Amino acid sequence: MGKKRIMVIFGTRPEAIKMVPVIKALETARDLEPIVVVTAQHREMLDQVLAAFNVVPAFDLNLMSDQQTLTKITVSVLSQMEQLFQKIKPDAVLVHGDTTTTLAASLAAFYQQIPVGHVEAGLRTWEKYDPFPEEINRQLTDTIAQWYFAPTERSRQNLLKEHHNDQQIYITGNTAIDVLAHTIKDQWQMPILDQIQPDAKLILLTMHRRENQGAPMQEAFGAINDFVLSHPEVEVVFPVHLSPNVQKAAHQAFDDNNRVHLIAPLNVIDFHNLAARSWLIMTDSGGIQEEAPSLGKPVLVLRDTTERPEGVAAGTLKLVGTDAKEISKWLNAFLNDPARYDQMAKAQNPYGDGHAAERIVNVLRQELN
Ligand code: UD1
Ligand code: UDP
């Protein structure tokens, strides 16, 4: 019998990073074969990941446009994937997380009655618009999915609350942890480090979520800027997401502050190593909330909700939202109360043992053969 063909579909930076271990594990499986399809909902930020891990997609839908709307991405993925599924007829599809690519590719597979495995299934805030549109993307994807690869027991419980079948849920850990084993280096140099005072307290900042764009982002950036201006020992590195809304807000807020370094998105190896060398992380990113406990870095989460409560329970993440007073309170607390900082930095990684991809591939092997 020939190998079962698993179409692995993704479109953005975080999906790519967390699907790489699954692709690599499929490549080594005797009886399974990956067919990598990128929608390229992101272009440059996706290509950085593909290059870092030498992944060459079999198909590239190349659909990113500057002013892409959620509808436009969805329609393009649906119509292009219909043609591709009819041509290739894979035995199964794997999608990741909660992006527009995730939902639209799952729906397109469902229309062809191809079974879908959802990697990182079961994350929930239960808030329809927070994060927007990701909460509904993942709920709908879980309605379509055949196999749920839940990173934690908590995500399994979320799926059970929605009456998904426990027999189809597999707790695997998060593939984000698998990736860290390949990126973190003892010795690492990168150009931005030369621009930072050697004894600086370095804050690594990222922010991009749609629900934060506009006033919340402006308020958070204002609070961070004020804090840096009044503390000469603090510097910020902010690899700015390529979303035009984020670019504009970041430059407006920080262009006059030479201790806030606005740089292009970093390749994932640089980013992980910079995170490992930082004092503190401030972010609204999902993936970074998963990585930080393993790196032992406290995170101020610039959001009101999180679908990653495991990191809050482990003590690494503090939800501060975008309120200037709250942000300023916590930054000062870290600076003036080293014991509190140390407590948060003593992280217990709740996201698995770095073997999530292996478990996912083993399930597929059992289910398909
Ligand atoms: C998407 C995901 C979000 C994820 C984020 C990761 C959805 C609904 N949202 O949001 O869950 O957290 O990716 O970063 O799928 N751009 C470029 N080059 C790139 C990438 C983006 O120029 O490599 C610009 C384009 O102008 C694009 C815009 O950024 O139109 C926004 O990208 P989009 O994928 O629509 O939304 P994100 O906010 O990135
Ligand atoms: N990341 C990266 N370069 C950067 C910023 C982030 O490689 O300049 C990585 C980060 O380590 C994490 C992922 O990108 O693995 C998170 O992506 P993003 O914040 O864009 O999306 P989210 O996780 O919020 O969906």
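Note that this is a predicted model, so its numbers are computed, not measured. (Residues numbered from 1 in each chain as written. Chains lettered and ligands numbered in written order. Predicted model: local features only at pLDDT ≥ 70, side-chain atom pairs only at ≥ 80, totals over all residues. Heavy atoms only, no water.)

Q: Would you explain the sheet that holds strand β10 (residues 260–263) in this entry?
A: Backbone hydrogen bonds hold the strands of a sheet together, and the pairing may be parallel or antiparallel. Pairing is parallel in the open sheet, where six strands are placed in the order β10-β9-β8-β11-β12-β13. Strand pairing shows two members of the sheet lacking a second neighbour, β10 and β13 (317–319), which therefore form its edges. The mean angle between the axes of side-by-side strands here comes to 20°, regardless of whether they run parallel or antiparallel. Judged from the four bridges that link them, strand β9 (residues 234–239) and β10 form a sheet pairing that is parallel. Bridge pairing links V236 to V260 in β10. In this fold helix α8 (residues 215–229) packs onto β8 (201–206), β9, β10 and β11 (280–283), with an angle of close to 145° to the strand it touches most, β9. Its contacts with the sheet put helix α11 (residues 286–295) on β8, β11, β12 (299–301) and β13, and the angle it makes with β11 is roughly 165°. (Pairing = 2+ DSSP bridges. Helix = DSSP H or I, 4+ residues; strand = E, 2+ residues; numbered from the N terminus. Axes fitted to C-alpha atoms, helices over the stretch in contact; angles between N-to-C directions. Contact = heavy atoms within 4.5 Å.)

Q: Even after reading the chapter, I still don't get the site of ligand 1, so can you show me in this structure?
A: Among the 24 residues in the neighbourhood of ligand 1, the closest are listed as Q41, H42, E44, M45 and E134. Within the side chain of E134, a nitrogen or oxygen atom sits 2.5 Å from an oxygen atom of ligand 1. Take H241: an N or O atom from its side chain is 2.9 Å from an oxygen atom of ligand 1. In the complex, the protein chains occlude 95% of the 750 Å² of accessible area that ligand 1 would expose alone. Every element with two or more residues in the shell around ligand 1 is listed here: α2 (44–52) and α3 (70–88). Looking at side-chain class alone, the shell around ligand 1 contains eight nonpolar, ten polar and six charged residues. (Near = heavy atom within 4 Å. Polar contact = N/O pair within 3.5 Å; in protein donor to acceptor, adjacent residues only side chain to side chain. Areas by Shrake-Rupley, 256 points an atom, 1.4 Å probe, with all protein chains shown as cover. Nonpolar A, V, L, I, M, F, W, Y, C, P; charged D, E, K, R; others polar.)

Q: Looking at this structure, how should I read the pattern of salt bridges?
A: As a working rule, side chains carrying opposite charge can pair if their charged atoms are close by. Scanning the model with the defined rule gives 20 salt bridges in all. Ionic pairing is found between D60 and R43, a salt bridge with its closest N-O pair at 3.0 Å. Residue D60 is found in strand β3 (residues 59–60), and its partner R43 is found in the loop between β2 (32–38) and α2; the two are separated by 17 residues along the sequence. We classify D60 as partly exposed; its relative accessible area is 38%. Using a relative accessible area of 18% as the deciding quantity, one classes R43 as buried. Put simply, R156 and E153 hold a salt bridge, and the shortest N to O gap is 2.7 Å. Of this pair, R156 and E153 are both found in helix α6 (residues 153–161), three residues apart, which corresponds to roughly one turn of the helix. For E153, a relative accessible area of 37% gives the class partly exposed. Each member of the salt-bridge network shares a partner with another, and the members are K18, D98, E120, E135, R138, E290, R303, E307 and R308. (Salt bridge = Lys/Arg side-chain N within 4 Å of Asp/Glu carboxyl O. Buried < 20%, exposed > 50% of the residue type's maximum accessible area, 1.4 Å probe, protein only.)

Q: Please explain the pairing of strand β1 (residues 4–10) as it appears in this structure.
A: Looking along a regular strand, one sees the side chains alternate between the two faces of the sheet. Of all seven residues in β1, six are buried; the element is thus mostly enclosed. Judged from the seven bridges that link them, β1 and β2 form a sheet pairing that is parallel. In the sheet register, R5 faces β2, and the bridge partner there is E33. One crossover worth recording links β1 to the parallel β2 by way of helix α1 (residues 13–28), and it is right-handed. Pairing analysis gives three bridges linking β1 to strand β4 (residues 92–96), with the strands arranged parallel. Paired with M7 across the bridge in β4 is V93. (Right-handed = clockwise from strand over helix to strand, strands pointing away.)

Q: Can you walk me through the side chain of N273 in this structure?
A: With respect to the element layout, N273 can be found in helix α10 (residues 268–276). Separated by 2.8 Å, the side chain of N273 and the backbone oxygen of I269 make a polar contact. Once you skip the residues sitting within four places of it in the chain, N273 turns out to touch T183, I184, K185 and W188.

Q: When you look at the sheet that holds β1 in this model, what are you seeing that I'm missing?
A: Sheet architecture is open: seven strands sit in the order β3-β2-β1-β4-β5-β6-β7, paired in parallel fashion. The sheet is open, and its two borders are formed by β3 and β7 (169–171), each paired with just one other strand. In this structure, strand β5 (residues 116–119) lies alongside strand β6 (residues 147–150), joined through three bridges in parallel fashion. Residue pairing in the sheet places G117 in a bridge with W147 of β6. Against the sheet, helix α15 (residues 356–368) contacts β1, β2, β4, β5, β6 and β7, and its axis sits at roughly 165° relative to β6.

Q: Is there a simple way to think about the packing of aromatic side chains in this case?
A: We describe a pair of aromatic rings using the distance from one ring centre to the other and the angle between the two ring planes. Enumeration according to the criterion identifies nine aromatic pairs in this entry. With a centroid separation of 6.3 Å and an interplanar angle of 80°, the aromatic rings of F238 and F254 are classed as edge-to-face. One end of the pair, F238, is in strand β9; the other, F254, is in helix α9 (residues 244–254), and 16 residues separate them in sequence. As far as burial versus exposure is concerned, F238 and F254 are alike and both buried. Clustering of aromatic rings is evident, with ring pairs tying together W279, W330, F334 and Y341. (Phe/Tyr/Trp six-rings, centres within 6.5 Å; stacked < 30°, edge-to-face > 60°.)

Without other data, these values stay purely geometric and don't point to any function.
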